[in-house]
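Chains, contacts and geometry: an overview
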Amino acid sequence: MDIIIYIALTFIALGSLLSFVRFVKGPTAADRAIALDTLSVIGIAGIVLLGYLFKRYIYIDLALVYAVLGFIGIIVIARFIEKAL
Amino acid sequence: MDIIHEILKYIGLVFILIGSIFLFLGALGIYRMPDLYNRLQAGTKASTLGAMSVILGVGLLQPFWLIKLIIIIIFIGFANPLSSHALARASYRAGIKPCCDKEIDSYGKAVEKQLKKIQKKLKNLTD
Amino acid sequence: MVKYKFSLKKFIYTFVIVLLIWYGFTTSFAPAELITGVIISLVIAYISVKNFNCCDPILLLPSHVLHFIKYFFVFLGALLKANLDVARRVLTPGLPINPGIVMFQTKLNNDFAKMVLANSITLTPGTLTIDIIKNKFYVHWIDVTTEDPEQVYKEIAEPFEKILLKIYN
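Everything numeric in this text was worked out from a predicted model, so none of it was measured. (Residues numbered from 1 in each chain as written. Chains lettered and ligands numbered in written order. Predicted model: local features only at pLDDT ≥ 70, side-chain atom pairs only at ≥ 80, totals over all residues.)

1. Quick notes on the domain arrangement of chain C
Its domain assignment divides chain C into domain 1 (8-55) and domain 2 (60-168). A straight line from the C-alpha centre of domain 1 of chain C to that of domain 2 of chain C covers 32 Å. (Domains from an automatic or database assignment.)

Printed below as a string of structure tokens:
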């Protein structure tokens, strides 16, 4: 039963690795911001899955806070790129 | 009761597997696409559905967590397209043009018009 | 900063929604939590009604529920199709794309409805809303077939806007 969750976690890890490569490589700051956005969404899914695996309810709150803060962060970065680049 | 629980468990596992595959494909799109706007296209769509599906799957495995998980799903559904829209708008206005051979661009003129209006207003203010 | 007129209808509507979200988060009915939730919701509702152009009470009338359910299913179908489309494009070795930015006009005049339409367009196959200026939508399209605003409207926005027009106009 748990093996499927481990497979899913492997896919999530590979995905975050790929977007991290884009985060390091990305030619402009906007590319890095996009990679960061995707990375944070993948991170939310990963946190919820780990919460199920460890049977800890507190991880759900963690995912929620991470989602809200990631959204605000991306909006701030977008405002910054618009005015300053 | 037990049978329903078992069935929900299997459905949840399928949701988790499909969602994680879509998350991976979204990241692959971020890595492979040639320019910023196409990256945004691939990244936003796949990661939104992937994250929603994984979270819904966990909710089916653990029905007591479902309320809060549904709030997270609704939040992601609203926030993810909004942030990608903000990023696309900001990077266009920062001067990053879409790539590739075919030049179809009706947005550039509108931005120029707006900028001219703002400059006029600024001039009026300084005068 | 723009200040909006205070209206009791909007205030009560926002208050109820914020309170519901609070109970969704805490999922407990201890008296301390109840009182904290009410106070915080009052403050947040007051600030958002004063400062943001939001919170129209017409968003959820009972007569609209049927339309919302229909919209949800149309949207879900488009989202699934969009993801299969992305998967196909990403996994093809040659990257079959033909991108460009196109424009179309909408008939909606409610801000919230425009946001819902923009978000739906972003999540449907091959399109990404870049900007909304008054009633013109600028959309990045991954596979441009036409530049004519009427045609673009028919291809991208029609199924969503038909339902939204029934709700908001």
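2. Focus on the interface of chain B and chain A
Interface size, as often reported, equals the accessible area lost upon joining of the parts. The interface of chain B with chain A comprises 41 residues on the first partner and 41 residues on the second. Within the residue set of the side of chain B that touches chain A, elements represented by two or more residues are helix 1 (2-32), helix 2 (36-61) and helix 3 (66-93) of chain B. For the side of chain B that touches chain A, the class distribution of residues is 28 nonpolar, 10 polar and 3 charged. (Contact = placed C-beta atoms within 7 Å. Helix = DSSP H or I, 4+ residues; strand = E, 2+ residues; numbered from the N terminus. Nonpolar A, V, L, I, M, F, W, Y, C, P; charged D, E, K, R; others polar.)

3. As for the arrangement of the chains
Contacts are most numerous, across the 2 pairs of chains in contact, for chains A and B. The closest approach of any C-alpha atom in chain A to one in chain C is 8 Å; the two make no contact.

4. Observations regarding unusual backbone geometry
Residue and element names in this part refer to chain A. Although it is not a glycine, Lys55 adopts a positive phi angle of roughly 55°. Here Lys55 shows up in the loop between helix 2 (29-54) and helix 3 (58-84). C-beta crowding within 10 Å serves as the criterion here: with 8 such atoms nearby, Lys55 is assigned to the exposed category. (Buried ≥ 20, exposed ≤ 12 C-beta atoms within 10 Å, placed from the backbone.)

5. Some details on the pairing of strand 1 (residues 100-105) of chain C
All names here are of chain C. Taking burial as the measure, the 6 residues of strand 1 include 5 buried ones, the bulk of the element. Where strand 1 lies against strand 3 (residues 136-141), 6 bridges are found, and the strand directions are antiparallel. By the bridge assignment for strand 3, Gln105 is matched with Lys136. (Pairing = 2+ DSSP bridges.)

6. A word on the sheet that holds strand 3 of chain C
Strand order in the open sheet formed by 3 strands is 1-3-2 (chain C), and the pairing between neighbours is antiparallel. Unpaired on one side and paired on the other, strand 1 and strand 2 (127-133) of chain C mark the two borders of the sheet. If you compare each strand with its neighbour and ignore which way they point, the axes differ by 25° on average. Across 6 bridges, strand 2 of chain C lies against strand 3 of chain C in antiparallel orientation. By the bridge assignment, Ile132 of chain C is partnered in strand 3 of chain C with Phe137 of chain C. Sitting on the sheet, helix 4 (residues 107-126) of chain B touches strand 1, strand 2 and strand 3 of chain C, and the angle it makes with strand 2 of chain C is about 25°. Lying on the sheet, helix 5 (residues 149-156) of chain C is in contact with strand 1, strand 2 and strand 3 of chain C; it crosses strand 1 of chain C at an angle near 90°. (Axes fitted to C-alpha atoms, helices over the stretch in contact; angles between N-to-C directions.)

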